[in-house]
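Close look at the chain arrangement
Now for the letters of each chain:
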Amino acid sequence: MSRRTLLRSAAVIGTAVAVSPLLLPGIAQAYPWSRTLAEGSTGADVTELQIRVAGWTADSASHSRVSIDGEFGPGTAAAVRRFQAAYGLGADGEAGPATQSALNALEQSDGSTAHFNFSEFTDRVSGTFNGGKVSAATAKENARRCMYKLEAVRKKLGNKPITVNSGFRSIAHNAEIGGASDSMHMYGTAADLDVPGVANKTVYQKAETSGFSGLETYNTDHQHVDSRADLGRAWWWENGTV
């Protein structure tokens, strides 16, 4: 069974959802798309598509997200069209060979994305995804999903490099630094960002269009983003415009 076949088994990853397996290192393999995906399509390949276009959920600030459910509906089609337009493709809302190729170009062989690495998201003390509120495999998968949303934010910022100051945190490390008792960092679904030369407010506003349901105020030395709604939590935008 390939690394991608294993990975596609996960849908929404949270505390009560089946754990997806760890990505297997050293396997250089692009996702094996086998068909054009369009409205009405269902299956594991639709789930993977939704993960990869989840950062293209809206054109303006919106409490909306792409459902990672394996069912290609209007929300997925709209996100695909925005992705296609951003990457200079025909924006027909269908994921055919050209769109699939563009999606695979954002994938590294270990399952991370073109501009983000798993090492940026591991616990700063242990260097692993262990010790959080979910299994290491689940935390790593949540981090992968966050990466694809961050790829969208990066693109919307004009391909400005983004530094991840903090990704996953173990429960122990989160307590040591005074993190919130149910911090999304402990699930692997959060990141604290620095974008040199770009105001946090601008980063915040782009994140408002990218499916991030947790946004800490931009009046700090970093910009926090998370996907708490994917775990069943209520939306929280501290400086929200919606």
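Residues numbered from 1 in each chain as written. Predicted model: local features only at pLDDT ≥ 70, side-chain atom pairs only at ≥ 80, totals over all residues. Heavy atoms only, no water.

A short note on the packing of helix α2 (residues 44-53) against helix α3 (residues 74-86)
Quick note on the threshold: Comment: axis = line fitted to C-alpha atoms, over the contacting stretch for helices; angle = value between 0 and 180 degrees taken between N-to-C directions. Labels follow the DSSP assignment, with helices taken as runs of H or I lasting at least four residues and strands as runs of E lasting at least two, numbered in each case from the N terminus. Put simply, angles under 35 degrees are roughly parallel, angles over 145 are roughly antiparallel, angles from 65 to 115 are roughly perpendicular, and the rest are oblique. Working rule for handedness: look at the near helix, and if it is turned counterclockwise from the far one by less than a right angle, call the crossing left-handed; if clockwise, right-handed. Note on contacts: a residue pair qualifies if any of its non-hydrogen atoms lie within 4.5 Å across the two residues. Polar here means any residue other than Ala, Val, Leu, Ile, Met, Phe, Trp, Tyr, Cys and Pro, which are nonpolar, and Asp, Glu, Lys and Arg, which are charged; Gly is therefore polar.
In the contact formed by α2 and α3, the axes pass within 10 Å of each other and the chain directions differ by 55°. The angle between α2 and α3 places the two elements in the oblique class. Regarding α2 and α3, the two cross each other, and that crossing is left-handed. For the pair formed by α2 and α3, the contact residues are L49, Q50 and V53 on the first element and T76, A79, V80 and F83 on the second. Looking at the contact of α2 with α3 residue by residue, the class counts come to five nonpolar, two polar and no charged.

As for helix α7 (residues 200-207)
For clarity, the threshold we go by: Burial status follows relative accessibility: with a 1.4 Å probe on protein chains alone, a residue under 20% of its type maximum counts as buried, one over 50% as exposed, and anything between as partly exposed. An arc is given here, and it is the one of the directions from the helix axis to the C-beta atoms.
Here α7 has its buried residues at N200, V203, Y204 and A207. Buried residues of α7, seen end-on, are gathered within an arc of 100° and therefore sit on one face of the element. Of the surrounding secondary structure, the elements contacted by the buried residues of α7 are α5 (136-156), β2 (190-194), β3 (214-215), β4 (223-226) and β5 (236-237).

Considerations on the confidence of the model for the chain
The line we're drawing: What pLDDT expresses is the predictor's confidence in each residue, scored from 0 to 100.
In the predicted model, the chain carries a mean pLDDT of 90, and the fraction of residues at 70 or more is 87%. Between residues 1-28, whose pLDDT stays under 50, and residues either more than four places distant or in other chains, the model counts 71 contacts.

Here we look at the sheet that holds β3
Heads up, the condition is: Whether two strands pair comes down to DSSP finding at least two bridges between them.
Read from one edge to the other, the open sheet built from five strands follows the order β1-β2-β4-β3-β5, with strand pairing classed as mixed. The open sheet has two edge strands, β1 (163-166) and β5, and neither has a second partner. As judged from the four bridges shared by β2 and β4, these two strands associate in the antiparallel manner. Bridge pairing in β4 links A191 to V225. Docked against the sheet, α7 engages β2, β3, β4 and β5, running at close to 15° with respect to β4.

A look at the nonpolar core
To keep things clear, this is the line we draw: Take the buried residues of types Ala, Val, Leu, Ile, Met, Phe, Trp, Tyr and Cys, join any two whose side-chain atoms come within 4.5 Å, and each joined set is a nonpolar core.
Formed by 32 residues in total, the largest nonpolar core has its most connected members in F121, F129, L150, A191, L193, F212 and V225. Elements represented by at least two residues in this core include exactly α5, β2 and α7. In terms of residue count, α5 provides more of this core than any other element does, seven residues in total. Here A191 is in contact with F121, C146, L150, V164, S166, H185, Q223, H224 and V225, once residues within four sequence places are set aside. In this structure, W33, L37, V53 and A77 belong to the second largest nonpolar core, which totals 22 residues.

Some points on α5
Put simply, the test is: For a helix, the expected span equals 1.5 Å multiplied by the residue count minus one.
Across its 21 residues, α5 extends 30 Å between first and last C-alpha, which sits within 8% of the 30 Å expected from 1.5 Å per residue. The element α5 is largely enclosed, with a buried count of 20 among its 21 residues. Looking one or two residues beyond α5, the residue adopting positive phi is G158, at roughly 80°.

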